[in-house]
Amino acid sequence: MEIQDTIDAYVRGHLDPAEKADFEAAFQNDPDLVKAVEQARLDFNIANVLIEDEVRGWMQEWETETPAPQKTIPPARTGWKWLGGAVLILFVGGAIWFINRPDSGAGDDSFHTPPKIVPPTTRPIDPNRPVVQQETTTPTTAPVKPELPVTNPRYIAKAEKEFAAIESDSYMRSTDPGQPKNTLQQAAEFIRKKDYSDASNLLRALSATDPDYISAQILLGEVYFRQKKFAAAEQAYTRALRSDKVSDDAVEWNLLMSYLAQYAVKKGNFDLLLNKIAADPDHPDYKQALELQKTIKK
Amino acid sequence: MNNSINPDQALREQLSGSADERKLALQQIFRSNDLRTMTFSYILKHGGKEEDCRDVFQEVFLLFERAVREKKFEGKSSVSTFFIGIVKWHWINTLRKRGAYTALDDRTDFMDTSDSVEVSVIDEEKRKLLHSVIGQMNERCRQLLRLWGLSMSPEEIAKEAGLAGPDMAKKETYRCRTKLKEFFDARPHLMEALKN
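Definitions and limits used
Residues numbered from 1 in each chain as written. Chains lettered and ligands numbered in written order. Predicted model: local features only at pLDDT ≥ 70, side-chain atom pairs only at ≥ 80, totals over all residues. Heavy atoms only, no water. Helix = DSSP H or I, 4+ residues; strand = E, 2+ residues; numbered from the N terminus. Contact = heavy atoms within 4.5 Å. Areas by Shrake-Rupley, 256 points an atom, 1.4 Å probe, with all protein chains shown as cover. Buried area = accessible area lost by both parts, 1.4 Å probe. Salt bridge = Lys/Arg side-chain N within 4 Å of Asp/Glu carboxyl O. Polar contact = N/O pair within 3.5 Å; in protein donor to acceptor, adjacent residues only side chain to side chain. Nonpolar A, V, L, I, M, F, W, Y, C, P; charged D, E, K, R; others polar. Disulfide = S-S within 2.5 Å. pLDDT = per-residue confidence, 0-100. Phe/Tyr/Trp six-rings, centres within 6.5 Å; stacked < 30°, edge-to-face > 60°. Buried < 20%, exposed > 50% of the residue type's maximum accessible area, 1.4 Å probe, protein only. Core = buried A, V, L, I, M, F, W, Y, C linked by side-chain atoms within 4.5 Å. Axes fitted to C-alpha atoms, helices over the stretch in contact; angles between N-to-C directions. Parallel < 35°, antiparallel > 145°, perpendicular 65-115°, else oblique. Expected span 1.5 Å × (residues − 1).

1. A short note on the overall build of chain B
Now for step 1: Scanning chain B from terminus to terminus reveals ten helices and zero strands.
Now for step 2: The secondary structure elements of chain B, listed N-terminal to C-terminal, are α-α-α-α-α-α-α-α-α-α.
Now for step 3: Pairs at least 24 residues apart make up 57% of the contacts formed inside chain B by residues separated by at least 6 positions.
Now for step 4: Of the roughly 10000 Å² of accessible surface on chain B, 50% is carried by carbon and sulfur atoms.

The following block contains the structure:
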């Protein structure tokens, strides 16, 4: 095995304990070997980040296709609540049995037997009673609206026209030439060059605990929108809106455009958000929202 | 004698198989409704909110992928037991960071898996620095380094990257790593920051 292979195997933790001990003993007195091990560790960490970025990309794809769990298990009930429920069920069951129990025929029992109650369902139906129409939630007479395709070109074109692009320059202005660019700056530069794939790889790598996470989600929303991944854009903007560190106004308009691009399936969300913005004269996009309301009605 | 491979074993083999097999296996795990339900239930039961659930699931999925790659998952427990073990470990750490973790006895919760669930995590500052380095690499080197990181043989790297053969794969990977070394040699402060 070449020395580089041994170094790599050591860094990956693939040496057996004896080999590992020998190797560690060797590099204690060899500064060049120590340096080579440090470099291999860095290579390995970079490779790990690249692999994670790829997996994050897959997750975004799969996430848009995967429904949320339909039902989560409710928090555990306390023993007392269960006991109370059981007692109540026993009591009600006992009462029903007592009321409906078959006549035993014993003379004394008939004294205690209450008048027999006929349950409503077993009562004979009065043929003259008025017939009441059952209320249904979905009237059968209502015409069935044809479902619009999710990708309605008209709405997509409108959404793309109205979408408010980020000012990538604002991220670049703060760049100190002597310092490496931070993730947001690098991503903004990729967006400016329309290299959305690299921008998304960088932005997705920031975890929820990172102080730049919210800004990354806003940029990611734009990246996805430009790639016509509207559901993913919607998710990114929604994640940004969950934070109290960002003004809702700054994100809402582009979230609205993400809904508009998926109008057939997001009409409810779109109407709700559009009405909210259009009802708030202080919202920076108030006038645009009023205009949009008129256009959509046409 | 039953010679059939159980689904868990098949999944584990796929995870360490070719690039396509690995991706398929990961997709199957990511889309498992049972795993999601178990994760979401655990988080909600232990002080988490709805919005935490999806983030935790995704973070744990990444940790799970890395643990499998680093051979920390040896199949002593089932995939789901191992996954939920990481969920518990990760959630306890998250609560600790938020200063909201108190119940120390909960720590025993994730000991129901025989495989170690404690996965090494690259901290945020280092990750940012590593990304700034990755930003300087060309796409070819990123691909080769990623494949090398997956412990692929030179033959597999050549196949995945469309190179003429294993020798070429080895040579190209070596060239990329040499460029990285030169990059760090010119920036000893960066190397130092990443080392510590």
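2. Observations regarding the interface of chain A and chain B
Now for step 1: Taken together, the contact between chain A and chain B spans 60 residues of the former and 53 residues of the latter.
Now for step 2: Contact between chain A and chain B buries roughly 5500 Å² in total, counting both sides, with carbon and sulfur atoms accounting for 59%.
Now for step 3: On inspection of chain A and its partner chain B, the count reaches nine salt bridges.
Now for step 4: Across the contact surface, chain A and chain B share eleven residue pairs in polar contact (both at pLDDT 80 or more).
Now for step 5: Secondary structure elements with two or more residues in the side of chain A that touches chain B: α1 (3-12), α3 (31-65), α8 (183-192), α9 (196-204) and α11 (230-241) of chain A.
Now for step 6: Ranked by residues supplied to the side of chain A that touches chain B, first place goes to α3(A) with 25 residues.
Now for step 7: Taken together, the residues that form the side of chain A that touches chain B break down as 26 nonpolar, 13 polar and 21 charged.

3. So, the state of the cysteines
Residue and element names in this part refer to chain B.
Now for step 1: Applying the stated criterion to the full structure yields one disulfide over all chains.
Now for step 2: Through a disulfide, Cys141 is tied to Cys176; the S-S separation comes to 2.1 Å. One disulfide, between Cys141 and Cys176, carries an S-S torsion of -80° and so falls in the left-handed class. Of this pair, Cys141 sits in helix α7 (residues 139-149) while Cys176 sits in helix α9 (residues 166-185), and the two are 35 residues apart along the sequence.

4. Topic: the confidence of the model for chain B
Low pLDDT marks stretches whose predicted atomic positions should not be read closely.
Residue and element names in this part refer to chain B.
Now for step 1: Model confidence for chain B is summarised by a mean pLDDT of 84, while 85% of its residues fall at 70 or above.
Now for step 2: Taken element by element, chain B is modelled with least confidence in helix α1 (residues 7-15), mean pLDDT 81, and with most confidence in α9, mean pLDDT 94.
Now for step 3: Segment residues 1-5 is flagged for pLDDT under 50; beyond a separation of four residues in sequence, or across chains, it makes two contacts in the model.
Now for step 4: Here residues 104-108 is modelled with pLDDT under 50, and outside its nearest four sequence neighbours on either side it reaches nine contacts, counting other chains as well.
Now for step 5: Model confidence for the complex: the whole-complex pTM is 0.56, and ipTM, which rates the interface, is 0.86.

5. Some points on the packing of aromatic side chains
Residue and element names in this part refer to chain A.
Now for step 1: With the rule as written, the count across this model stands at 19 aromatic pairs over all chains.
Now for step 2: For the pair Trp58 and Trp62, a centre-to-centre distance of 5.9 Å together with 35° between the ring planes defines the contact as tilted. Here the residue Trp58 and the residue Trp62 both occupy positions in helix α3, the gap between them amounting to four residues, near one helical turn.
Now for step 3: Here Trp62 falls in the buried class, since its relative accessible area comes to 2%.
Now for step 4: The interplanar angle of 75° and the centroid separation of 5.4 Å between the aromatic rings of Tyr263 and Phe270 together place this pair among those described as edge-to-face.
Now for step 5: Under the relative-accessibility criterion, Phe270 is labelled buried at 0%.

6. Thoughts on the nonpolar core
Now for step 1: One finds Ile46(A), Ile29(B), Phe61(B), Phe64(B), Phe83(B) and Phe184(B) to be the most contacted residues of the largest nonpolar core, which totals 76 residues.
Now for step 2: With 14 residues, α3(A) is the largest single contributor of residues to this core.
Now for step 3: Beyond its immediate chain neighbours, meaning those up to four positions away, Phe184(B) contacts Gln39(A), Leu42(A), Ile46(A), Val133(B), Leu190(B), Met191(B) and Leu194(B).
Now for step 4: If you look at the next biggest cluster of nonpolar residues, it comprises 46 residues, including Tyr196(A), Leu219(A), Ala236(A) and Leu260(A).

7. A short note on the packing of α9(B) against helix α10 (residues 188-195) of chain B
Packed helices, taken two at a time, are described by the angle their axes make and the gap between the axes.
All names here are of chain B.
Now for step 1: Two elements in contact, α9 and α10, have axes separated by 6 Å at closest approach and are oriented at 105°. Relative to α10, the element α9 is oriented roughly perpendicular. Contacts from Phe183, Phe184 and Asp185 in α9 reach Pro188, Leu190, Met191 and Leu194 in α10.

8. What about helix α10 (residues 213-226) of chain A?
Residues and elements named next belong to chain A.
Now for step 1: Helix length check: α10 (14 residues) gives 20 Å between terminal C-alpha atoms against 20 Å at 1.5 Å per residue, within 8%.
Now for step 2: Among the 14 residues of α10, twelve are classified as buried, and the element is accordingly described as predominantly covered.
Now for step 3: Taken together, the buried positions of α10 are Tyr213, Ile214, Ala216, Gln217, Ile218, Leu219, Leu220, Gly221, Glu222, Val223, Tyr224 and Phe225.
Now for step 4: Directly beyond the C-terminal end of α10, a positive phi value near 65° is found at Lys228.

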